[in-house]
2 protein chains.
Amino acid sequence: MSKGLLLVVSAPSAGGKGTILKEMFQQDEQLRLSVSATTRQPRPGEKHGEHYYFISEEEFQNLVNSGNMLEYAAYVGNSYGTPREPVEKWLAEGLDVVLEIDVQGGAQVKKLMPDCVSVFIVPPSMTVLEKRLRDRGTEDESTVRKRLETARQELSHAEDYDYIVVNDRLEDAVEDMLAILRSEKRKYARNPGVIQKVLEQ
Amino acid sequence: MSKGLLLVVSAPSAGGKGTILKEMFQQDEQLRLSVSATTRQPRPGEKHGEHYYFISEEEFQNLVNSGNMLEYAAYVGNSYGTPREPVEKWLAEGLDVVLEIDVQGGAQVKKLMPDCVSVFIVPPSMTVLEKRLRDRGTEDESTVRKRLETARQELSHAEDYDYIVVNDRLEDAVEDMLAILRSEKRKYARNPGVIQKVLEQ
């Protein structure tokens, strides 16, 4: 059995990442979503190991200091990060693992796990992104403006990613993502023993 | 419209390349098969520009000398090669082009067109390859032995290829090939203007 693939996925907010990933998980049983660790308190209904690993600041720092946090950041006074161990465990079992993280996190992971495959999901245009943000109807004008500005900044990091998927039609974007997963597994570099195996059998 | 993709496909004989490609052409209308040029005489029923470009030795040498032959080789007194112009024309039209060539040809093309994507199709095992050769029932024992030996030599070139597709179940191999085509088109490096376009629209 070959090792699973680590897929780093980033997108500006309202880029449609959540919907695409949900669809991928429905179509691909070998896919797992990495669970983040956080030092914040669980909210009602949140389960340890499912929504987050809820850990203490000390445990968090220990993971960082021992190189066992693939990426981490602080956000309004709490720490968030991706523990390495569960990811490695799934990969060793041959399962593919998705890390849903921002552009800063993506760069950190690429350094620690250069074998990962990174995909940046982009909206077809800023006009479409703006429309999607407004259609949600949940944000006021200044929040929409702020999100659009953040999106512009995030898009400038696209060049750090291996693949760009344009989220125009959902089905196309999902098929792109699954094709990336499938084809990456066929790379010669990821199949060191395959020719020897053919020759010997 | 973005440029098409050049797909170099090699496989040991009886590797199932022909069947896989036939299936791909049926499923993908944007795909074209490169036509080789040869100095040999046309056989009954063979059409110029369809089965081969039938050209003179002088025309052939002119194409080679001017760098307009992507790869070429001599075989029982005749020259065979892939003229660059029709391939470039299709790629410029946004069509994807398949070059079905041997391992020597593959290496030549990679040098002249480093943007190409190369796939090596392998049988699941030498045992299966031998069975497939014998099941054809068209070759005598010594020919089967020779083909198996050639296959072993060709397999040692697999490391020069970007992707390895194991031809176990036909449908899986075809899906692998189509996934490779699809995902390669999503590579950031192949989409230099995409982010700028998103930002401007």
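Conventions used here
Residues numbered from 1 in each chain as written. Chains lettered and ligands numbered in written order. Predicted model: local features only at pLDDT ≥ 70, side-chain atom pairs only at ≥ 80, totals over all residues. Heavy atoms only, no water. Phe/Tyr/Trp six-rings, centres within 6.5 Å; stacked < 30°, edge-to-face > 60°. Buried < 20%, exposed > 50% of the residue type's maximum accessible area, 1.4 Å probe, protein only. Least-squares fit on C-alpha atoms with pLDDT ≥ 70 in both. Contact = heavy atoms within 4.5 Å. Pairing = 2+ DSSP bridges. Helix = DSSP H or I, 4+ residues; strand = E, 2+ residues; numbered from the N terminus. Axes fitted to C-alpha atoms, helices over the stretch in contact; angles between N-to-C directions.

Novice: Requested: an account of the packing of aromatic side chains, with residues and values cited.
Specialist: The tally for this structure, following the rule as stated, stands at 10 aromatic pairs over all chains. With centroids separated by 5.8 Å and ring planes inclined at 55 degrees, the aromatic side chains of Tyr52(A) and Phe54(A) adopt a geometry described as tilted. For the pair Tyr52(A) and Phe54(A), a shared accessibility class is recorded, and that class is buried. Between Tyr75(B) and Tyr80(B), the aromatic rings sit 6.4 Å apart at their centres with planes inclined by 70 degrees, giving edge-to-face as the arrangement.

Novice: Could you give me a rundown of the relation of the copies chain A and chain B, with the residues and numbers involved?
Specialist: When chain A is fitted to chain B, the residual RMSD is 0.0 Å, and the transformation amounts to a turn of 180 degrees plus an axial shift of 0.0 Å. As the rotation angle and translation indicate, the two copies are arranged about a two-fold axis. Residue Ala179(A), judged by its C-alpha, is the member of chain A lying nearest the rotation axis, at 2.2 Å. Interface overlap between copies: 100% of the residues of chain A at the interface are likewise at the interface in chain B, consistent with a symmetric, same-surface contact.

Novice: Requested: an account of the sheet that holds strand β6 (residues 78-83) of chain B, with residues and values cited.
Specialist: All names here are of chain B. Taken in spatial order, the 4 strands of this open sheet run β4-β3-β6-β5, and their pairing is mixed. Only two strands of the sheet have a single partner each, and these edge strands are β4 (53-54) and β5 (69-75). Pairing analysis gives 2 bridges linking strand β3 (residues 37-38) to β4, with the strands arranged parallel. Along β4, the bridge assignment pairs Ala37 with Tyr53. Sheet strands touched by helix α2 (residues 57-65): β3, β5 and β6. Its angle to β5, the strand with the most contacts, is close to 135 degrees. Its contacts with the sheet place helix α3 (residues 84-92) against β4, β5 and β6, and it is angled at close to 20 degrees to β6.

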